[in-house]
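Coordinates in review
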Amino acid sequence: QDPGDGGTSEHTCDGCEPPLEYQGGRVMDTSGPSGVTITPIFWAPDGYEFPAGYIELIEQYIADIAADSGKPTNVYSLAEEYSITEGENQAQLDYRFTAGKTIIDTNPYPDSGCDPEDDFTDCITDDQLRDELDALVEANDLVTDVGYFYPVFFPEPVETEDLDGSNSIDGYCGYHRAYDADDGPVVYGNEPFVPDGCGMGQSPNDNLPADGAINVLSHEIMEALTDPEDAVTWNDKTGHEIGDICAEAYGPSLGAADPSNSDTTSYNQEINGHRYYTQ
């Protein structure tokens, strides 16, 4: 982040060493008229459900960032700074999104691939998530390349586990990855349900879990845009991505959805007429 004097913001993560440097990989493909298509997947078999308004608010956010594509009025306007100007992966990275059609996935969960913590019924590993994505790609004829992003949302009380063994209880609120499918890379996100909004503390839409999920989604979209695959594209000297460097830094608010409760309803982004609080 730029504090306005050409220097580096103090709001950087412990261990981060900005700036980001290009390291040879690809960015996502925003060159077509659709830019990057973001298709949310809500995986909730029979007996599991998301709270009222959760799916709808996330859908609204994706539609809003698509509607405001190209405008300089929100965080995604920074994307073009991470275009690749030379070499075999040369590409212009733009703020251009399309909202994909939501997928409500009711397939049953596999047997837990990891041990769920107390109060959690299931634990889904990253390998199991990839297997499910393969099934969805085939069933829904989904496109697999770096112009498509598939964030997968889980309901409470489902725990998830990343490839490194970290889990959604105390290791992360979400992450993004990619893997090679038969017809191209699948770029995806893992978004477990976090009742406290990942500690965000603000809920301008009176739905803290969904407002928090949107904040995490914003983080993962920006990181997927600039560093979608295992071959590193834009990282700092310590391997951190764009979202890591300013994680938990929100800047000044633009106001409060409920001025009488400004401590908990602040917003710092107004996108397509709706208010959000994202890093």
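Residues numbered from 1 in each chain as written. Predicted model: local features only at pLDDT ≥ 70, side-chain atom pairs only at ≥ 80, totals over all residues. Heavy atoms only, no water.

Glancing now at the packing of aromatic side chains. Within a pair of aromatic rings, the relevant descriptors are the distance that separates the centres and the angle that separates the planes. Tallied over the entire structure, the rule returns 17 aromatic pairs. Aromatic side chains Phe-42 and Phe-50 sit 5.4 Å apart centroid to centroid with 85° between the ring planes, which places their arrangement in the edge-to-face category. No difference in accessibility class separates Phe-42 from Phe-50, as the two residues are buried. By the ring-pair criterion, three or more aromatic residues cluster together here, those being Phe-42, Phe-50, Tyr-54, Phe-153 and Phe-193. For the cation-ring pair, Arg-177 lies above Tyr-175, with the distance from its terminal atom to the ring centre recorded as 5.8 Å. (Phe/Tyr/Trp six-rings, centres within 6.5 Å; stacked < 30°, edge-to-face > 60°. Buried < 20%, exposed > 50% of the residue type's maximum accessible area, 1.4 Å probe, protein only. Lys NZ or Arg CZ within 6 Å of the ring centre and 35° of its normal.)

Note that Asp-105 resides in strand β5 (residues 103-105). Here Asp-105 is buried and forms no salt bridge, its nearest opposite-charge partner Lys-101 lying at an N-O distance of 14 Å. Within the local environment of Asp-105, its side chain forms a polar contact with the backbone nitrogen of Asn-107, the two atoms lying 3.0 Å apart. What Asp-105 contacts, discounting residues up to four positions off in sequence, is Ile-41, Phe-42, Trp-43, Ala-44, Pro-45, Glu-132 and Leu-136. (Helix = DSSP H or I, 4+ residues; strand = E, 2+ residues; numbered from the N terminus. Lys, Arg positive; Asp, Glu negative; His and termini not counted. Salt bridge = Lys/Arg side-chain N within 4 Å of Asp/Glu carboxyl O. Polar contact = N/O pair within 3.5 Å; in protein donor to acceptor, adjacent residues only side chain to side chain. Contact = heavy atoms within 4.5 Å.)

Turning our attention to the state of the cysteines. One covalent bond between the sulfur atoms of two cysteine residues makes up a disulfide. One pass over the structure, following the stated rule, counts 3 disulfides. Through a disulfide, Cys-13 is tied to Cys-16; the S-S separation comes to 1.5 Å. Between Cys-13 and Cys-16, the S-S torsion sits near 65°, and that sign places the bridge as right-handed. Two residues, Cys-114 and Cys-123, share a disulfide whose sulfurs are 1.9 Å apart. Sign of the S-S torsion, about -95° for the bond between Cys-114 and Cys-123, identifies this disulfide as left-handed. With respect to burial, Cys-114 and Cys-123 carry one shared label: buried. Taken N- to C-terminal, the disulfide-bonded cysteines of the chain are connected 1-2, 3-4, 5-6. (Disulfide = S-S within 2.5 Å.)

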